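# Structural overview for review
For reference, the chains in residue letters:
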Amino acid sequence: MSSKQPSPSSAATDTVQEAKLQRHKVTGDVHLALRRGDTVLYGQRQNTGFEDGEWHLPSGHLEADESVVTALIREADEEIGVTIKPDDVQFSDIMHNSSSGGRVAFFFTVTEWQGEPTNREPEKCSGLEWFALDALPDHMIGYCRVAMKHVADGTSFSVYGW
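Report on the accompanying structure. As the structure is a prediction and not an experimental result, all values here were calculated from the model.

## As for the side chain of Glu54
Checked against the element boundaries, Glu54 lands in the loop between β2 (39–45) and β3 (55–56). In this structure Glu54 is buried but unpaired, with Arg145 as the nearest side chain of opposite charge at 6.5 Å. Within polar-contact distance, the side chain of Glu54 engages the backbone nitrogen of Met140 at 2.9 Å. Leave out the neighbours within four places in its chain, and Glu54 touches Gly43, Gln44, Arg45, His139, Met140 and Ile141.

## Focus on the packing of aromatic side chains
To describe a pair of aromatic rings, one takes the distance between the centres and the angle between the planes. Applying the stated criterion across every chain yields a total of five aromatic pairs. A ring pair is formed by Phe91 and Phe108, whose centres lie 6.2 Å apart and whose planes are at 75 degrees; its orientation type is edge-to-face. In this pair, Phe91 sits in strand β5 (residues 90–97) while Phe108 sits in strand β6 (residues 103–110), placing the two residues 17 residues apart along the sequence. With a relative accessible area of 4%, Phe108 lands in the buried category. Linked through ring pairs, Tyr42, Trp55 and Phe131 together constitute an aromatic cluster.

## Describing the layout of surface pockets
In this structure, the largest pocket occupies an estimated 600 Å³ of space. Along its surface, the largest pocket is lined by 25 residues, and Arg45, His56, Ser59, Gly60 and Glu79 are the ones closest to its centre. Secondary-structure elements contributing two or more residues to the lining of the largest pocket are β1 (28–36), β2, β4 (59–61), α2 (68–80) and β7 (125–132). When the residues that make up the lining of the largest pocket are grouped by side-chain class, the tally is eight nonpolar, nine polar and eight charged.

What counts and how
Along each chain, the written sequence defines residue order, and numbers are assigned to residues from 1. Thresholds applied to this predicted model are a pLDDT of at least 70 for local features of residues and 80 or more for the giving and counting of side-chain atom pairs; totals over whole chains, interfaces and linings are not thresholded and use all residues. In computing side-chain values, all of the structure's heavy atoms are included and hydrogens and water are not. Numbering of helices and strands starts at the N terminus; helices are DSSP runs of H or I of at least 4 residues and strands are runs of E of at least 2. Classification of residues uses two cut-offs on accessible area relative to the type maximum, computed with a 1.4 Å probe and protein chains only: under 20% is buried, over 50% is exposed, and between them is partly exposed. Charged-residue counts in this description rest on Lys and Arg as positive and Asp and Glu as negative, His and the chain ends being excluded. Here, a salt bridge means any Lys or Arg side-chain nitrogen found within 4 Å of an Asp or Glu carboxyl oxygen. Whenever two N or O atoms come within 3.5 Å, that pair is a polar contact, provided that in protein one can donate a hydrogen and the other can accept it, and provided that, for residues adjacent in sequence, both atoms are side-chain atoms. The contact definition used throughout considers only heavy atoms, calling two residues in contact when any of these lie within 4.5 Å. Two rings from Phe, Tyr or Trp (for Trp, the six-membered ring) form a pair when their centres are within 6.5 Å of each other. A pair whose planes differ by under 30 degrees is stacked, one over 60 is edge-to-face, and the rest are tilted. Method remark: on a 1 Å grid restricted to protein atoms, a set of points is classed as a cavity if a 1.4 Å probe fits but cannot get out and as a pocket if it is open with protein on both sides within 12 Å along at least five of seven lines; lining residues have an atom within 4 Å of a point. Grid points are joined across faces, edges and corners, and a volume is the space filled by probe spheres set on the points. Here the nonpolar group is Ala, Val, Leu, Ile, Met, Phe, Trp, Tyr, Cys and Pro; Asp, Glu, Lys and Arg are the charged ones; every other residue, Gly included, is treated as polar.

Next comes the structure, spelled out in structure tokens:
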């Protein structure tokens, strides 16, 4: 009996197939910097199991078949009850974040909207508060703090935790 060795070309094919199986799939988040003058609206997290007690922008996950702008508008309505027109959404920063499993976070700034922001998810948010861009809250999720410094500086790309 003879044992057949894999040919060099089949070994290369196996390596390529393994690489495809290990390819990272990106999860996207959207984050809303709702600006009123030089202040931005933050919510204080509670009962989420992630960074409870910390301040964070209204945010959420990108759903299947949803653009980042559509996701931002949906999250703004769900979390704080404001209506945003797509033309009023300004891109501010994109962050590749290793602390959240390699997610890509899209940060947008909105200065015009309809409605008064209200806490529509009191089970997840203990309150809303406006903070100046140059006086961020002490207890704030780290990657959000870094992104907001980039937004204030006009830098539109950031990485966190790598």
